[in-house]
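The chain contents come next:
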Amino acid sequence: MHKFLLFLSASCFPVAAAAQDANPAEQVLDEVAESHDQGAEPREEEIVFWHEASSPITVTANGLSTNIDNTGQAVTVIERDEIEAVQGGDIARVLRRAPGVTIGRNGPVGSFTGINVRGANAEQLLVLIDGVRVSDPAAPTGGFDFGNLLTGNIGKIDLLRGSNSTIWGSDAVGGVLDLSLRGEAGIEGSLEYGARDTVLASASGAVDRQGFFGRLSASWFSTDGFSAAASGSEPDGFEQLSLGGAAYLDLSDRLELFAHGRYAEGDLDIDGFPAPAFVLADTLETQETTQFSGATGLAYYGQDLTLRGSFSLAETQRTNSDPAVGPTFASEGQSERLALRGEYRLIGGLVLAFGGEHEWARYETLFDAGADTESTGGYLQLGWVLGGLAAHVGARVDDHQGFGSATSFGGDVSYALAGGWRLRASLGEGFKAPSLFQLFSDFGNSALRPEKSTSFDIGVEKGTRGRGTHFALTGFRRDSEDLIGFISCFGSTDPICVGRLFGTYDNTARARAQGIEAEAGFAVTERLRLSGVFSLVDAEDRQTGLELARRPDYAATFFADYTAPFGLGLGADLRVVSDSFDDGANAFRLDGHELLDLRASFPLSDAVEIFGRVENVFDAEYQTALGYAQAGRGAFIGIRAGL
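This report concerns the structure included in the present document. Being a predicted model, the structure only gives us computed values, none of them experimental. (Residues numbered from 1 in each chain as written. Predicted model: local features only at pLDDT ≥ 70, side-chain atom pairs only at ≥ 80, totals over all residues. Heavy atoms only, no water.)

1. Some remarks on the overall build of the chain
Phase 1 of the analysis: When helices and strands are tallied, the chain shows 5 helices and 33 strands.
Phase 2 of the analysis: Against the compact-globule benchmark of 26 Å for 643 residues, the chain has a radius of gyration of 24 Å, which places it among compact chains.
Phase 3 of the analysis: In terms of overall dimensions, the chain has a C-alpha envelope of 70 × 60 × 45 Å along the principal axes.
Phase 4 of the analysis: Looking at the chain residue by residue over its 643 residues, the buried ones come to 55%.
Phase 5 of the analysis: With an accessible surface of roughly 26100 Å², the chain has 59% of that area assigned to carbon and sulfur atoms. (Helix = DSSP H or I, 4+ residues; strand = E, 2+ residues; numbered from the N terminus. Rg over C-alpha atoms; globule rule 2.2 N^0.38 Å. Buried < 20%, exposed > 50% of the residue type's maximum accessible area, 1.4 Å probe, protein only. Areas by Shrake-Rupley, 256 points an atom, 1.4 Å probe, with all protein chains shown as cover.)

Structure, rendered in structure tokens:
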């Protein structure tokens with residue numbers, strides 16, 4: 001079984017699956033792994049700290065399940081073992097272990113959380129859950145809020161850094177993040193309790209039978225929180241229930257039926273800007289967010305041809321309420337998508353990957369009747385492998401009902417050197433279609449053009465993240481144009497303001513982000529491993545020369561893991577972030593900060609483990625958005641069991 005985990009695994013490999021094999025995708029991957037290891041120097045036994053796979057599988061690089069060693073793009077894969085080692089439900093604490101990532105949050109866990117990759121805007125990161133696009137069409141900028149996404153259901157994080165609209169279409173300007181829901185065989189559950197009356201309970205289970213695989217996962221999170229307003233005193237709590245499931249059924253040796261989905265409902269206390277001062281302060285407002293995403297379809301695994309057709313749906317509903325006046329805001333955004341992806345294995349190591357989709361998107365709000373739109377896109381990519389060389393080149397065309405067509409090109413190359421070293425480079429284009437709100441709301445501008453970017457990077461890497469000796473150094477640059485911004489029309493005589501008293505959107509800005517990313521990890525002893533990631537990013541507005549808002553010049557995370565002979569595990573994560581500005585005018589500064597987390601775990605038996613941690617050990621006070629508080633010191637303890 002598990003063909004779905006290895007879908008199109010031979011996308012860039014010069015081997016074909018045996019026709020008589022009942023699982024061609026798995027055989028292809030096994031053959032590739034064997035051929036890749038031939039000629040390599042023998043390795044000594046290594047302690048695996050987070051995951052056992054020597055070569056992780058990525059889907060973000062080319063839309064197909066591909067060995068990470070065979071792409072020239074910069075990709076970070078974080079497995080479930082590492083997520084559990086970090087502990088807790090806050091996905092931001094896990095994502096800060098990836099290079100190039102900085103995080104902005106408006107208060108406690110559950111509050112709006114944006115992820116910036118290589119200095120890109122948060123909404124310029126394409127977010128997928130089990131391959132389904134989950135951005136909110138009703139959000140003003142059409143992005144995804146990570147505040148309602150916790151780690152309890154997440155089994156794997158796959159992050160590509162760099163523009164890749166060639167494969168993924170709109171939104172893939174800063175990168176692509178695919179989150180896979182949990183699917184371990186057997187049954188596992190965990191429960192933890194800690195500071196601010198925080199409770200996280202999660203459970204997952206899966207059954208793997210001949211011709212069938214099914215999985216279910218669930219998590220519940222509750223916290224009293226703290227005041228989102230740094231000047232406030234009333235705690236802002238958060239509760240969330242999240243469910244995930246999937247089923248895969250072999251209709252024949254080569255045809256598979258699948259369906260998967262996620263449901264999450266969160267209730268958050270929020271602070272606002274009450275009269276008469278209209279400054280951020282304690283309020284009794286609440287926000288309820290409901291998210292659903294899922295897909296169903298068929299996958300065909302032939303000897304030379306592999307296809308996957310699907311219908312997917314993603315919906316986000318949000319309601320803000322004040323006990324005194326009732327609902328103050330409500331929105332609903334929905335997207336439906338028909339998609340086909342496939343590959344055809346040619347001769348001589350050549351593989352043709354292709355895909356296309358049609359999307360219907362709509363939105364409405366409490367104050368806006370809303371609108372809908374459609375778009376169609378398709379791509380072709382040619383892949384070639386010869387010895388230690390792997391290369392891809394591709395092109396895409398999208399046609400959007402609102403702004404017309406857009407083309408995207410991209411390519412990457414990877415070359416294996418002696419001693420486990422690898423050179424890699426990539427060039428990609430990205431675009432982001434104007435959001436429905438930007439096009440059709442009372443502030444909308446139907447003449448908007450899509451945001452565009454061109455990015456390239458070049459790097460060298462040795463080994464695999466999380467085991468043995470690992471080192472990676474990458475230089476990158478991304479140029480963006482036609483960025484969409486809000487224009488105030490108070491007192492303005494600009495023709496664009498005619499009929500728009502308060503303001504509108506326009507393509508007004510250009511930006512550039514460039515810098516370096518470094519990763520390193522090595523085993524000091526067979527029981528102690530030291531690792532770290534560092535990013536230096538120069539992100540500037542090319543119109544004004546000023547720094548982009550909330551983009552620190554540098555961010556680093558250093559982490560250590562130690563396992564005692566009697567099983568005790570100890571760990572520490574140190575996060576260091578430089579100063580930044582809260583606004584584009586560079587008038588309000590956000591001070592840098594340092595955060596230290598300590599953690600421990602101990603197995604009571606082969607099936608039961610206790611664990612605990614202290615977050616923000618030195619009780620640092622800091623802000624990632626001006627006026628919004630962040631969590632102080634907190635201690636947590638939990639237990640995990642599995643069958």
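Having seen the model, we can carry on.
2. Quick notes on the pattern of salt bridges
Phase 1 of the analysis: All chains considered together, the criterion is met by 38 salt bridges.
Phase 2 of the analysis: For Glu-84, the salt bridge identified is with Arg-640, shortest N-O distance 3.8 Å. Taken together, the positions of Glu-84 in helix α2 (residues 80–86) and Arg-640 in strand β33 (residues 634–642) put the pair 556 residues apart, joining distant regions of the chain.
Phase 3 of the analysis: A salt bridge links Arg-362 to Glu-364; the nearest nitrogen and oxygen atoms lie 3.6 Å apart.
Phase 4 of the analysis: Here the residues in one salt-bridge network are Arg-80, Glu-84, Arg-182, Glu-188, Glu-609 and Arg-640, joined through shared partners. (Salt bridge = Lys/Arg side-chain N within 4 Å of Asp/Glu carboxyl O.)

3. Things to note about the environment of Ala-201
Phase 1 of the analysis: For Ala-201, the position within the fold is in strand β11 (residues 198–209).
Phase 2 of the analysis: Sequence-wise, Ala-201 and Phe-221 are 20 residues apart; in three dimensions their C-alpha atoms are separated by 6.5 Å.
Phase 3 of the analysis: Those residues in contact with Ala-201 that lie beyond four places of it in its chain are Ser-190, Leu-191, Ala-218, Ser-219 and Trp-220. (Contact = heavy atoms within 4.5 Å.)

4. Let's talk about the sheet that holds strand β7 (residues 132–133)
Pairing between the strands of a sheet comes from backbone hydrogen bonds, and it takes one of two forms, parallel or antiparallel.
Phase 1 of the analysis: Sheet architecture is open: 5 strands sit in the order β3-β8-β9-β6-β7, paired in mixed fashion. Every other strand in the sheet has two partners, leaving β3 (74–79) and β7 as the edge strands with one partner each.
Phase 2 of the analysis: Sheet topology note: the strand β6 (residues 125–129)/strand β9 (residues 175–181) ladder contains 5 bridges and is parallel. Across the sheet, the residue bridging to Leu-125 is Gly-175, located in β9. (Pairing = 2+ DSSP bridges.)

5. Brief notes about the nonpolar core
Phase 1 of the analysis: If you look at the biggest cluster of nonpolar residues, it comprises 25 residues, and the most contacted ones within it are Phe-146, Ile-157 and Leu-179.
Phase 2 of the analysis: Only α2, α3 (91–95), β4 (101–105), β5 (113–117), β6, β8 (154–161) and β9 provide two or more residues apiece to this core.
Phase 3 of the analysis: Counting residues per element, this core draws most heavily on α3, at 4 residues.
Phase 4 of the analysis: In terms of nonpolar packing, the next biggest core, distinct from the first, is built from 12 residues, Ile-68, Leu-126, Ala-172 and Val-176 among them. (Core = buried A, V, L, I, M, F, W, Y, C linked by side-chain atoms within 4.5 Å.)

6. A short note on the pairing of β5
Phase 1 of the analysis: Summarising burial for β5: 5 of the 5 residues are buried, a large majority.
Phase 2 of the analysis: Where burial is concerned, the two faces of β5 agree: the one with Thr-113, Ile-115 and Val-117 and the one with Gly-114 and Asn-116 are both buried.
Phase 3 of the analysis: Across 5 bridges, the pairing between β4 and β5 is antiparallel. Residue pairing in the sheet places Val-101 in a bridge with Val-117 of β5.

7. Regarding the state of the cysteines
Phase 1 of the analysis: Counted under the stated rule, the structure contains 1 disulfide.
Phase 2 of the analysis: Disulfide pairing places Cys-489 opposite Cys-497 at an S-S distance of 2.1 Å. Disulfide Cys-489-Cys-497: the torsion about the S-S bond is -80°, which places it as left-handed. We note that Cys-489, like Cys-497, is buried. (Disulfide = S-S within 2.5 Å.)

8. A few points about unusual backbone geometry
Phase 1 of the analysis: Between Ala-275 and the following residue, Pro-276, the backbone shows a cis peptide bond with an omega angle of 5°.
Phase 2 of the analysis: With respect to the helices and strands, the residue Pro-276 is situated in the loop between β14 (255–269) and β15 (286–301).
Phase 3 of the analysis: The phi dihedral of Arg-118 falls on the positive side, at around 55°, and the residue is not glycine.
Phase 4 of the analysis: Its location among the elements puts Arg-118 in the loop between β5 and β6.
Phase 5 of the analysis: Classification of Arg-118 by relative accessible area gives buried; the value is 2%.
Phase 6 of the analysis: Positive phi outside glycine occurs at Asp-619, with the angle close to 55°.

9. Here we look at the pairing of β33
Phase 1 of the analysis: Note: strand β10 (residues 186–194) against β33, 7 bridges, orientation antiparallel. Paired with Leu-191 across the bridge in β33 is Ile-639.
Phase 2 of the analysis: Pairing of strand β32 (residues 608–615) with β33 involves 8 bridges; the strand directions are antiparallel. Across the sheet, residue Glu-615 finds its bridge partner in β33, namely Gly-634.

10. Concerning the side chain of Ser-580
Phase 1 of the analysis: Checked against the element boundaries, Ser-580 lands in strand β29 (residues 580–581).
Phase 2 of the analysis: Setting aside anything within four residues of it in sequence, one finds Ser-580 in contact with Arg-550, Arg-551, Pro-552, Phe-588, Arg-589 and Leu-590.

11. With respect to the packing of aromatic side chains
Phase 1 of the analysis: Summed over all chains, the structure comprises 14 aromatic pairs.
Phase 2 of the analysis: A centroid spacing of 6.4 Å and a plane angle of 50° characterise the contact between Phe-213 and Tyr-248, whose relative ring orientation is tilted. Residue Phe-213 is found in strand β12 (residues 212–226), and its partner Tyr-248 is found in strand β13 (residues 236–250); the two are separated by 35 residues along the sequence.
Phase 3 of the analysis: What makes Phe-213 buried here is its relative accessible area of 2%.
Phase 4 of the analysis: Between the aromatic rings of Phe-329 and Phe-367, the centroid separation amounts to 6.4 Å while the plane-to-plane angle is 35°, which identifies the pairing as tilted. Here Phe-329 is found in strand β17 (residues 326–345), whereas its partner Phe-367 is found in the loop between β18 (350–365) and β19 (368–386), with 38 residues between them in sequence.
Phase 5 of the analysis: Taking the relative accessible area as the measure of exposure, Phe-329 reaches 28% and is therefore partly exposed.
Phase 6 of the analysis: Through a chain of ring-to-ring contacts, three or more aromatic side chains come together here, namely Tyr-363, Phe-437, Phe-443, Phe-486 and Tyr-505.
Phase 7 of the analysis: The aromatic ring of Phe-636 is capped on one face by Arg-613, whose charged end is 4.2 Å from the ring centroid. (Phe/Tyr/Trp six-rings, centres within 6.5 Å; stacked < 30°, edge-to-face > 60°. Lys NZ or Arg CZ within 6 Å of the ring centre and 35° of its normal.)

12. Points about the side chain of Thr-306
Phase 1 of the analysis: For Thr-306, the position within the fold is in strand β16 (residues 305–322).
Phase 2 of the analysis: Of note is the side chain of Thr-306, whose polar atom sits 3.3 Å from the side chain of Arg-345. (Polar contact = N/O pair within 3.5 Å; in protein donor to acceptor, adjacent residues only side chain to side chain.)

13. Some words on a nonpolar patch on the surface
Phase 1 of the analysis: The grouping of Tyr-415, Leu-417, Trp-421, Leu-423, Phe-471, Leu-473, Ile-516, Leu-536 and Tyr-554 at the surface amounts to a nonpolar patch, some 750 Å² of accessible area in total.
Phase 2 of the analysis: Among the secondary structure elements, those contributing two or more residues to the nonpolar patch are β22 (421–432) and β24 (467–488).
Phase 3 of the analysis: Note that Ile-516 resides in strand β25 (residues 503–523).
Phase 4 of the analysis: Its relative accessible area of 37% is what places Ile-516 among the partly exposed residues. (Patch = residues over 30% accessible without salt bridge, like charges linked within 9 Å, V, L, I, M, F, W, Y side chains within 5 Å.)

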